[in-house]
Amino acid sequence: MSTLTGQTREPAAPGARTGNGIGDDARRPDGTQKVAGRFAFSSDLWADGMVWGATVRSPHPRARLISVDPSEALRIAGVYCVLTHEDVPGQKTFGLEVADQPVLAMGEVRYQGEAVALVAADSPETARRAVAAVRVEYQPLVPVVDPMKAMLPTAEKVHPSGNIVRHFKLRSGDPLAEAPVVVSGEYEVGMQDQAFLGPESGLAVPADDGGVDLQVATQWLHVDRRQVAAALGLPEDKVRLALAGVGGAFGAREDVSLQIHLCLLALRTGRPVKMVYSREESFFGHVHRHPARLRYVHGAGRDGRLVFVKAEMVFDGGAYMSSTRAVIGNAGTLGVGPYVVPNVSVDAYGLYTNNPPCGAMRGFGAVQACFAYEAQMDRLAEELGMHPVELRSLNAMAQGSLMPTGQVVDSPAPVADLLRRVWQAPLPPPLPAVAGVATEGLLPGGMANTTHGEGVVRGTGYAVGFKNVGFSEGYDDYTTVRVSLAAGPDGPVATVQSAACELGQGLVTVETQVVRSELGLSDVVLETADTRVGSAGSSSASRQTYMTAGALREACARLRAGLLARAAARLGVPEPDLSWAHGEVLGPERAVLGLSELLEAGPLEETVEWRHRPTQDVDPETGQGDAHVQYCFAAHRAVVDVDTELGLVKVVQIDTAQDVGKAINPGAVIGQIHGGTTQGLGLALMEEIQIDAGRVRNPSFTDYLIPTILDVPPMRVQVLELADPHAPYGLRGVGEAPTISSTPAIVAAVRAATGRRLARVPLRPQDIVGLDEAGAEGGPSR
Amino acid sequence: MDFHYPRSWADALALKAEHPEAVPIAGGTDVMVELNFNRRRPAALLDISAVPELAQWDRADGHLRVGAGVSYTRLVRELGPQLPGLAMAARTVGSPQIRNRGTVGGNLGSASPAGDAHPPLLAGRASVELASVRGTRLVPLDEFFTGPKRSVLAADELISAFVVRPAPGPEQFCKVGTRNAMVIAVASFAVSLDPERGRVGTGIGSAAPTPRRAGGAEEFLEAELAAAGMWQRPRPLPGPVLDRFAELVTASASPIDDVRGTAAYRRHALAVMARRALSWAWADLMRN
Ligand SMILES: Cc1cc2nc3c(=O)[nH]c(=O)nc-3n(C[C@H](O)[C@H](O)[C@H](O)COP(=O)(O)OP(=O)(O)OC[C@H]3O[C@@H](n4cnc5c(N)ncnc54)[C@H](O)[C@@H]3O)c2cc1C
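Thresholds, definitions, all that
Residues numbered from 1 in each chain as written. Chains lettered and ligands numbered in written order. Predicted model: local features only at pLDDT ≥ 70, side-chain atom pairs only at ≥ 80, totals over all residues. Heavy atoms only, no water. Helix = DSSP H or I, 4+ residues; strand = E, 2+ residues; numbered from the N terminus. Rg over C-alpha atoms; globule rule 2.2 N^0.38 Å. Buried < 20%, exposed > 50% of the residue type's maximum accessible area, 1.4 Å probe, protein only. Contact = heavy atoms within 4.5 Å. Areas by Shrake-Rupley, 256 points an atom, 1.4 Å probe, with all protein chains shown as cover. Lys, Arg positive; Asp, Glu negative; His and termini not counted. Charge placed at Lys NZ, Arg CZ, Asp CG, Glu CD. Near = heavy atom within 4 Å. Polar contact = N/O pair within 3.5 Å; in protein donor to acceptor, adjacent residues only side chain to side chain. Nonpolar A, V, L, I, M, F, W, Y, C, P; charged D, E, K, R; others polar. Buried area = accessible area lost by both parts, 1.4 Å probe. Salt bridge = Lys/Arg side-chain N within 4 Å of Asp/Glu carboxyl O. Expected span 1.5 Å × (residues − 1). Core = buried A, V, L, I, M, F, W, Y, C linked by side-chain atoms within 4.5 Å. Pairing = 2+ DSSP bridges. Axes fitted to C-alpha atoms, helices over the stretch in contact; angles between N-to-C directions.

S.K.: Now, about the overall build of chain A: what can you tell me, with residues and values included?
M.R.: When helices and strands are counted, chain A shows 17 helices and 32 strands. In terms of overall size, chain A behaves like a compact globule, its C-alpha atoms giving a radius of gyration of 27 Å where 782 residues would be expected to give roughly 28 Å. Taking the principal axes of the C-alpha coordinates as reference, chain A spans close to 80 × 75 × 60 Å. Relative to its 782 residues, chain A shows a buried fraction of 64%. Within chain A, contacts between residues at least 6 apart in sequence are counted, and of these 80% link residues at least 24 apart. As displayed, chain A offers around 27,200 Å² of accessible surface, 52% of which is attributable to carbon and sulfur atoms. Placing the 68 positive and 89 negative side-chain charges of chain A at their respective mean positions leaves the two points 1 Å apart.

Here it is, written out as structure tokens:
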């Protein structure tokens, strides 16, 4: 069940209400195809005469690369080539922020699964055999795997620049502030994987002009193109990318995986080359969520008002930088949560180690911090004898509050209201009082008949979180769109060209809705997202609806201006005497000119490069600065049943309240909140890439568990629409907020049921029953 | 890779004798995973899914003989009341799709310590029927497994069926996993009570190199129940009896730390499950 409440203060778009415009539950243009299994995902790509690429990967987390001998592989019939770093014609390294990762390993491999060589062969099977036949000689080295040791000046260096990728410092208020009530805690977040269902795949086709055309599932075509062109040593216009069907992303497709490899192979073989990672390879082929250790001290007055927060966070970025710097910036600037805290000291470190590289994942630095600060808020509430919602509300930020960075929160920040809403939402029926009755699937253990009520205790937990929307810290973040308007046989047609990536989140629906509303027409054609237009920026950071809607609104406004000019000329009246309504131009004396009439003179086209308002870099010593564009907020209440003897959990109900500013597509908003909440549930209860001495122990869906339908409870969602006056249509990014607070809410509920500290996620049964010595804080707290 | 597709049991046995290296494939829910992961590259596959004899079950001499090719879905639907412990286990296997394809023959063939059919069959003192062109032999299940994913099955043999008495009394099965469905057992336990003969059966899964019985716990409980005349006049089981039973079940296990759980947790969970499963089975007995 879902409800939409709250109100919009932003005026509606000037176009017609077609029922498929802004604010409507418009259908996805690709929905039927996807449900019917007819949608072509990137793994379905095909070209005549294509060959298959495959990757030789390092089995060692750290080793000196002595030699690569392709001769045996090249003797296999059907093998076209074997490439190593020597075959990379351009820049031999790539990276999202800094090009620190070899396209193919050189000198040293720094993580298990690092790409060492490539093969192309006439079938996937032959390619696989060729991979096995490439002889690579390694001299294994002792990997740097403990982030706490990697930080030390004495540690061995993973890269010559040292192991600290970023040390973010925030200092505000009085560093010596004291408080009568102090709680401290240490927390740990395991390595979560995005676990998208469509593995990395793409198809590169060599072009007659010496360039290459690449179709690939990605989040950001232009940042891929930049890196591909650099590695190939080609000008960017010789590298053309088009989006192939994306089967989920969640951050894992922001970095280059097989893009450069595909193009190298295509240019070498002169043939179209396809690559599809297996599920296992996918676990090695993309970045993960940074695992983190966090140490917090909170000080408050006896009235519950926060006096200070001190935090030290260590994020393990693994072997290459990816987006670690930005992740650390988020963790640091957002590290005290959506609360007003006068005195703050944060030190956030992002590290290099020989663990798998980590980068973007839904929530991007905010997730790890929220798990810790919300646990701290509960401990503080307990210490003060206050209700957790009361304590949070007392300290909640609101419009006008100051962030610890000194930035003013200059749009609605309904933190207390969101908390109140989930607090007051109806609770589920209580646990059956009598044990001994089998209840198929409803109790912890689900279908596996582990309890008939014995040991089961209910718990309730709350959490609230927030995150920045868009790219922060002074990044020049823009989106390009081109909209053309032409007469068609059945009326006017708008065509949208954009490089913005649809990942499953529903951007394509939003694009059609905005254009329909702005231009008052029903026929909107979306061209394939590709690099024929300028960059759209990344479909990440909850930013793409905000940015693309902003760009489309501007493009449509310019088109309307063009139409008005035409109408003015035709009617011989000055433009100010004309108005636009419902896809028509109204003139004096009831003159009406429809779009079709106005387009008789030919099509119109507008290209817009649109920016959100600028942000600032933060001061390196104090973290002060207007770092962020906008925030998104969500609160969760989780109700869980815990089998306290077996350590198994069944989440009974989750209530979410989130402010979205404006729900462009209410159905899609609910979908994002359900999905994000579920991904947070996964982190709370089961999702972890387990690493041992730099090696991944569970690279499969057999042992990397994600929630099933029996793990996901009924979710009630309350959506607030408090317009952000600085944002297009008042909207806020939606995708990440629900992922952030669902994890701490669920863990708080398990703590309430068990009385244990539970300082690490994902929770393991042995932690919940208190068997694990390592979880030192695992003992009962009361 | 060669592919053999016999349509009769006789053909299947002949093919297996001729191609002992051929890997049988029934539902394929284990074999296909292994092929996908490149863990196995057999020279040949022997698809036995079209052998009609394997998909049958019947009852003779007070025993059920269930063909190796009967799926979990059919077990639940057709044999639930006669084999309640196995049906409970079958319900926890994978997802509906896996239960439609997967077979007990395949579970036995894989001989994984985590196979869910094994504990209830051990508790029910089932035997496995192995056949080849040389003849047929019946192996008690607790002599079938020889190690992790290893059994006494010979290269020219196929599993034709399992043979078990219809449940003589209450049975229970429970399995611990870290999600609420579609999960491989971290540890599992089955118990079967035979009031007429005064026998107790147990089975432990995922807590030793092979599925195994908890012999000590069985003997202890049989002795306690006999001494107290409890089979004839069932009364609630005293706490210390439940405790000791759970302790002995745990003592029979030799679990390891792995990616799915720790040895310590497995022992702990077994004790909890043993206590609970026995108390449920005993409560069923008292009700009847
Ligand atoms: C998603 C998923 C979830 C799963 N969940 C569970 C679970 O919860 N619990 C569980 O126990 N298992 C689970 N499994 C494993 C698998 O489904 C079971 O082991 C099933 O019983 C295998 O049966 P099958 O007919 O598919 O076997 P197959 O894959 O066809 O064969 C399995 C093995 O047995 C051999 N074999 C099969 N039949 C015979 C025969 N008649 N004679 C000799 N050898 C034979 C094969 O050669 C092979 O070695 C799961 C598998 C998947 C893919």
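Structure's up, so let's keep going.
S.K.: I'd love a proper account of the site of the ligand, names of residues and values included.
M.R.: Residues and elements named next belong to chain B. The environment of the ligand is made up of 35 residues, and the closest members are P24, A26, T29, Y72 and T103. In this structure, an oxygen atom belonging to the ligand sits 2.5 Å away from a side-chain N or O atom of Y72. A distance of 2.6 Å is found between an oxygen atom of the ligand and a side-chain nitrogen or oxygen belonging to T103. Across the complex, the protein chains shield 88% of the 970 Å² of accessible surface that the ligand would expose by itself. Taken together, the elements giving at least two residues each to the shell around the ligand come down to β2 (23-25), α2 (31-36), α5 (96-101), α6 (104-110) and β10 (158-164). Residue composition of the shell around the ligand, grouped by class: 17 nonpolar, 13 polar and five charged.

S.K.: How would you explain the interface of chain B and chain A if you had to name every residue and give the values?
M.R.: At the junction of the two partners, chain B supplies 30 residues and chain A supplies 39 residues. Counting each side, the surface lost to burial between chain B and chain A is near 2,900 Å², with a carbon and sulfur contribution of 54%. The largest share of the area that chain B buries against chain A comes from B:R179, B:N180 and B:R276, three residues that together contribute 26% of it. Where chain B meets chain A, there are four salt bridges. In this assembly, chain B and chain A are joined by 20 residue pairs in polar contact (both at pLDDT 80 or more). Going through the elements one at a time, α4 (84-92), β11 (171-176) and α11 (263-287) of chain B are the ones with two or more residues in the side of chain B that touches chain A. The biggest single contributor to the side of chain B that touches chain A is α11(B), with eight residues.

S.K.: Now, about helix α12 (residues 507-519) of chain A: what can you tell me, with residues and values included?
M.R.: All names here are of chain A. The end-to-end C-alpha distance of α12, which contains 13 residues, comes to 18 Å, matching closely the 18 Å that a straight helix rising 1.5 Å per residue would cover. Burial runs high along α12: 13 of the 13 residues are buried. The first or second residue beyond α12 is G520, which carries a positive phi of 65°.

S.K.: Report on the pattern of salt bridges, specifying residues and quantitative values.
M.R.: Applying the stated criterion to the full structure yields 61 salt bridges over all chains. Note that B:R197 is salt-bridged to B:D194, the shortest N-O span being 2.8 Å. In this structure, a network of salt bridges that share partners links the residues A:R28, A:D30, A:K34 and A:E502.

S.K.: Quick one: what's the story with the nonpolar core, residue by residue and with numbers?
M.R.: Counting residues in each nonpolar core, the largest one holds 89 residues, and the members touching the most others are A:L294, A:Y296, A:M313, A:L685 and A:I746. Not counting residues up to four positions away in its chain, the partners in contact with A:M313 are A:R293, A:L294, A:Y296, A:A331, A:G335, A:V346, A:D347, A:A348, A:Y349 and A:A369.

S.K.: Which residues make up the sheet that holds strand β2 (residues 51-57) of chain A, and what are the values?
M.R.: Residues and elements named next belong to chain A. Here we have seven strands laid out as an open sheet, ordered β4-β8-β2-β15-β12-β13-β14, and mixed in their pairing. At either end of the open sheet lies a strand with only one pairing partner, and these are β4 (79-83) and β14 (239-243). Across the sheet, the mean angle from the axis of one strand to that of its neighbour is 20°, orientation sign disregarded. By the bridge criterion, four bridges tie strand β12 (residues 201-206) to strand β15 (residues 273-276) in an arrangement that is antiparallel. Opposite S201, over in β15, you have V276 as the bridge partner. Against the sheet, helix α5 (residues 221-232) contacts β13 (212-216) and β14, and its axis sits at roughly 150° relative to β14.

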